[in-house]
Amino acid sequence: MSKEEKKAYITTPIYYVNDIPHIGHAYTTIIADTMARFYRLRGYKTYFLTGTDEHGQKIEQAALKRGRTPKEYADEISGKFKALWDEFEISYDDFIRTTDERHKIGVQKAFEVMYNNGDIYKGEYEGHYCVSCETFFTETQLIDGEGCPDCGKVTNLVKEESYFFKLSKYQDKLLKWYSDDDKCVLPKGKKNEVISFVKQGLRDLSVTRTSFDWGVKLPKSMNDDKHVMYVWLDALLNYITALGYGKNEDRMEFWPATAHLVGKDILRFHAIYWPAFLMSLGLPLPKHIAAHGWWTRNGEKMSKSKGNVVNPKEVADAYGLENFRYFMLREVPFGQDGDFSQKALIDRINSDLGNEFGNLLNRIIGMSGKYSDFNITSKNVAKLHQKELAEANEILKDIELKLDELQTNRYLEDLWRVLTIANGAITAHEPWVKIKNGDTDGALAVVGLVANLLAKVTILVSPVMPKTASKIADAMKFEISYESYKKYIVDNELLEDFSIEKIPPLFPKIEEELLKTPKPSIDKKKEDKKSNEGIISIDQFFQTKLKVGTVLEATEVEKSKKLLKLKVDLGEENPRQIVAGIKEFYSPNELIDSQVCVVANLKPAKIMGLLSEGMLLAAKDKDGLSLIRPEHKRNSGSLIG
Ligand code: MSP
């Protein structure tokens with residue numbers, strides 16, 4: 001294929017503007033940036049898109065809460081995303097905002113096409129909606145009749161006129177796509193989850209809303225301006241509106257996307273709704289939809305209320321942006337959840353980067369300085385070190401595939417295997433002994449071999465660590481470009497003779513954690529202040545899971561004046577054992593079959609040697625104790641709140 005014919009189109013999700021960028025956003029964006037740089041390096045004409053998702057109820061509410069108009073608020077937060085990506089030197093070609101005129105035109109056009117081909121019809125939607133996830137759910141999907149199955153927050157019951165997209169019509173076509181195209185959804189485990197979801201049956205999707213208006217209006221031709229588009233229809237279409245869909249289609253040459261990078265939480269939208277919309281529009285389907293896992297911090301889920309959200313800028317400022325990029329891509333197998341800890345980051349910097357990568361450069365500089373006045377030659381490398389070259393070339397033979405299939409950690413592991421060959425060759429061939437024995441050619445060939453291996457790794461690591469790679473390439477007098485990729489990686493040529501320059505250490509050793517205890521976010525501080533005043537936020541309240549339980553058994557605890565041992569049904573697989581100090585006020589018999597209210601997410605504790613898996617709610621005053629119970633019987637496990 002000639003250079004011009006190869007095209008790549010890489011996208012990130014467009015980020016909601018209800019919050020500032022965090023490590024999760026940075027992770028997706030950095031993977032996408034790495035991919036885009038790798039395609040460019042290989043001579044692909046590449047288009048890399050990112051942007052912000054600005055419509056919908058969630059944004060409208062976030063803006064109102066701050067006394068701003070949604071557009072003002074979106075402008076501010078979208079600007080923060082853009083500024084961070086610019087500071088991180090993310091090589092995006094386009095930054096789309098769903099409030100852009102070009103986007104609205106494209107979305108309306110797409111709606112018209114789908115409507116005209118019979119895939120959209122008018123009806124009435126009645127069901128549950130989670131504003132936080134901007135997702136519709138059926139009653140059976142909810143936790144305890146009202147909790148969002150994805151984020152746990154309470155959903156709203158909505159009943160409104162709506163246009164529907166005939167998603168059900170595409171069920172078989174989607175299943176065929178998954179089975180025909182092995183790598184359409186990556187990684188495989190996630191693809192299987194998507195397949196089983198689709199096999200359970202797809203219902204038509206409500207794609208417009210009438211209860212608020214912060215969204216794209218229907219096309220004029222529909223003559224129905226009560227409705228705005230459902231935010232996910234609006235958002236997903238960004239991948240084609242950015243290419244000019246519906247207006248100026250010149251960049252549609254990049255379609256279909258090479259890879260849509262997404263987090264696992266939004267895979268369903270991308271792997272089910274999006275291809276169905278595309279089928280309806282008569283457009284080809286993306287080559288890969290790749291879902292990564294989530295980052296936790298020191299083993300805990302990140303949340304604003306805990307104040308433990310990792311701020312990517314703080315990490316990059318403290319440890320170096322490229323070290324951070326390397327860490328994120330190397331630390332976790334793509335698709336799995338990963339844990340951010342400073343210790344793990346420091347280990348990667350000191351060990352992989354400092355000891356194995358940077359040190360190799362230092363050794364080359366040191367040896368060539370001593371043996372040949374910093375001159376390096378490839379003269380006898382092929383003759384004397386065929387074995388090591390062959391081993392390295394074997395490892396790198398399929399290296400492109402690793403990144404194309406998003407196996408970022410395997411990609412880097414393979415590069416580091418080449419570094420191990422290089423470091424191993426120095427130990428095995430002891431060039432200092434050769435010099436002593438007068439075998440200068442032999443010693444220089446070891447240095448030449450190692451320099452060649454380092455050059456290969458440098459070229460291939462450049463999409464992950466572009467600046468670091470350039471510094472090494474500058475010192476070794478080669479350029480990182482499509483030409484050098486072809487020459488040194490594809491055609492396995494050796495470096496021309498050159499004289500190496502001394503450069504300061506690239507990865508100075510880090511002795512201690514550079515970020516002090518996580519800074520509480522502004523919201524956290526506000527929350528703390530309120531807690532000090534005895535006031536908690538709704539989020540704090542909902543951290544306590546209160547449930548209705550039905551008492552199945554009640555017995556006295558031997559030798560205890562106060563305790564009863566209960567078996568309480570909370571709608572779970574097994575009843576819970578709860579030990580409660582209510583014996584003076586209730587007899588076991590009057591409790592059986594009655595209902596109680598239980599704190600259901602309390603850490604289990606042992607009371608008089610008996611496990612207690614919850615706590616009953618009760619009111620107590622000087623006259624006695626009274627259990628709190630639902631006024632009318634409710635299903636066991638019903639949520640209270
Ligand atoms: N606006 C939608 C995407 C629409 S794309 C057509 C959205 N935005 S988001 O801002 O909420 O999330 C963007 C991405 O951040 C998602 O891919 C999500 O998985 C990712 N992450 C959010 N928290 C994360 C972690 N803690 N770790 C890793 N990624 C996480 O969803």
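Just above sits the structure.
Residues numbered from 1 in each chain as written. Predicted model: local features only at pLDDT ≥ 70, side-chain atom pairs only at ≥ 80, totals over all residues. Heavy atoms only, no water.

Digging into the sheet that holds strand β16 (residues 338–340)
For step 1, the next point in the chain: Read across the open sheet, the 3 strands follow the order β15-β14-β16; overall the sheet is mixed. At either end of the open sheet lies a strand with only one pairing partner, and these are β15 (300–301) and β16. (Pairing = 2+ DSSP bridges. Helix = DSSP H or I, 4+ residues; strand = E, 2+ residues; numbered from the N terminus.)

Examining the pairing of strand β4 (residues 94–97)
Remember that side chains alternate between the two faces of the sheet whenever the strand is regular.
For step 1, the next point in the chain: Residues of β4 alternate between two faces, with Asp94 and Ile96 on one and Phe95 and Arg97 on the opposite face, all of them buried.
For step 2, the next point in the chain: With 4 bridges joining them, strand β3 (residues 45–53) and β4 adopt parallel strand pairing. Opposite Leu49, over in β4, you have Asp94 as the bridge partner. (Buried < 20%, exposed > 50% of the residue type's maximum accessible area, 1.4 Å probe, protein only.)

Looking at the side chain of Asn409
For step 1, the next point in the chain: For Asn409, the location among the structural elements is in helix α16 (residues 408–429).
For step 2, the next point in the chain: Non-local contacts of Asn409, meaning those with residues more than four positions away in its chain, are made with Leu329, Arg330, Val332, Pro333 and Phe334. (Contact = heavy atoms within 4.5 Å.)

Let's talk about the environment of Glu87
For step 1, the next point in the chain: Structurally, Glu87 can be placed in helix α3 (residues 70–87).
For step 2, the next point in the chain: The class for Glu87 is partly exposed, based on a relative accessible area of 42%.
For step 3, the next point in the chain: Residues Glu87 and Lys313, spaced 226 residues apart in sequence, show a C-alpha to C-alpha distance of 8.9 Å.
For step 4, the next point in the chain: Residues within four places of Glu87 in sequence aside, it is in contact with Lys313 and Asp317.
For step 5, the next point in the chain: In terms of polar contacts, Glu87 uses its side chain to reach the side chain of Lys313, at 2.9 Å. (Polar contact = N/O pair within 3.5 Å; in protein donor to acceptor, adjacent residues only side chain to side chain.)

A short note on the packing of helix α11 (residues 321–331) against α16
Each pair of packed helices can be summarised by the angle the axes make with each other and by the distance between the axes.
For step 1, the next point in the chain: Relative to each other, α11 and α16 sit at 105°, their axes nearing to 6 Å. The angle between α11 and α16 falls in the class roughly perpendicular. Counting all contacts with α11, which are made through Tyr326, Leu329 and Arg330, the residues of α16 involved are Thr408, Asn409, Leu412, Glu413 and Trp416. (Axes fitted to C-alpha atoms, helices over the stretch in contact; angles between N-to-C directions. Parallel < 35°, antiparallel > 145°, perpendicular 65-115°, else oblique.)

Let's talk about the sheet that holds strand β7 (residues 156–165)
For step 1, the next point in the chain: If you trace the 4 strands from one edge of the open sheet to the other, you get β6-β5-β7-β9, paired in antiparallel fashion. Every interior strand has two partners, whereas the edge strands, β6 (135–137) and β9 (205–206), have only one.
For step 2, the next point in the chain: Of the strand pairs in this sheet, strand β5 (residues 120–130) and β6 are connected by 3 bridges, and their pairing is antiparallel. Of the residues in β6, the one forming a bridge with Tyr129 is Phe136.
For step 3, the next point in the chain: Strands β6, β7 and β9 of the sheet are contacted by helix α9 (residues 267–281), whose axis makes an angle of about 30° with β7.

Description of the pairing of strand β20 (residues 564–569)
For step 1, the next point in the chain: The alternating pattern of β20 places Leu564, Leu566 and Val568 on a buried face, while none of Lys565, Lys567 and Asp569, on the opposite face, is buried.
For step 2, the next point in the chain: Bridge count for strand β19 (residues 546–556) against β20 is 6 bridges, and the pairing is antiparallel. Note on β20: the bridge partner recorded for Thr550 is Asp569.
For step 3, the next point in the chain: Relative to strand β21 (residues 576–580), β20 runs antiparallel, the two being bridged by 5 bridges. Bridge pairing in β21 links Lys567 to Gln577.
For step 4, the next point in the chain: Hairpin geometry of β20 and β21 is characterised by an intervening segment of 6 residues between the two adjacent antiparallel strands and by a positive phi of about 75° at Gly571.

Let's talk about the site of the ligand
For step 1, the next point in the chain: Close to the ligand lie 22 residues, the nearest being Ile14, Asp53, Gly263, Asp265 and Trp295.
For step 2, the next point in the chain: Tyr16 places a main-chain nitrogen or oxygen 3.1 Å from an oxygen atom of the ligand.
For step 3, the next point in the chain: Between the ligand and the protein, one listed contact pairs a nitrogen atom with a side-chain N or O atom of Asp53 at 2.7 Å.
For step 4, the next point in the chain: In isolation the ligand has 670 Å² of accessible area, and contact with the protein removes 93% of it.
For step 5, the next point in the chain: Counting residues per element, the ones that place at least two in the shell around the ligand are β2 (15–16), α1 (23–41), α7 (231–236), α8 (238–241) and β12 (259–263).
For step 6, the next point in the chain: The element best represented in the shell around the ligand is α7, accounting for 3 residues. (Near = heavy atom within 4 Å. Areas by Shrake-Rupley, 256 points an atom, 1.4 Å probe, with all protein chains shown as cover.)

Observations regarding the packing of helix α6 (residues 188–199) against α9
For step 1, the next point in the chain: Contact pair α6 / α9: the axes reach a minimum separation of 11 Å and the direction vectors enclose 55°. Classified by the angle their axes make, α6 and α9 are oblique. Between α6 and α9 lies a crossing whose hand is right-handed. Only Leu267, Arg268, Ala271 and Ile272 of α9 make contact with α6, whose side of the interface consists of Lys190, Val194, Phe197 and Val198.
For step 2, the next point in the chain: Tallied by class, residues from the contact of α6 with α9 come to 6 nonpolar, no polar and 2 charged. (Left-handed = near helix turned anticlockwise from the far one by under 90°. Nonpolar A, V, L, I, M, F, W, Y, C, P; charged D, E, K, R; others polar.)

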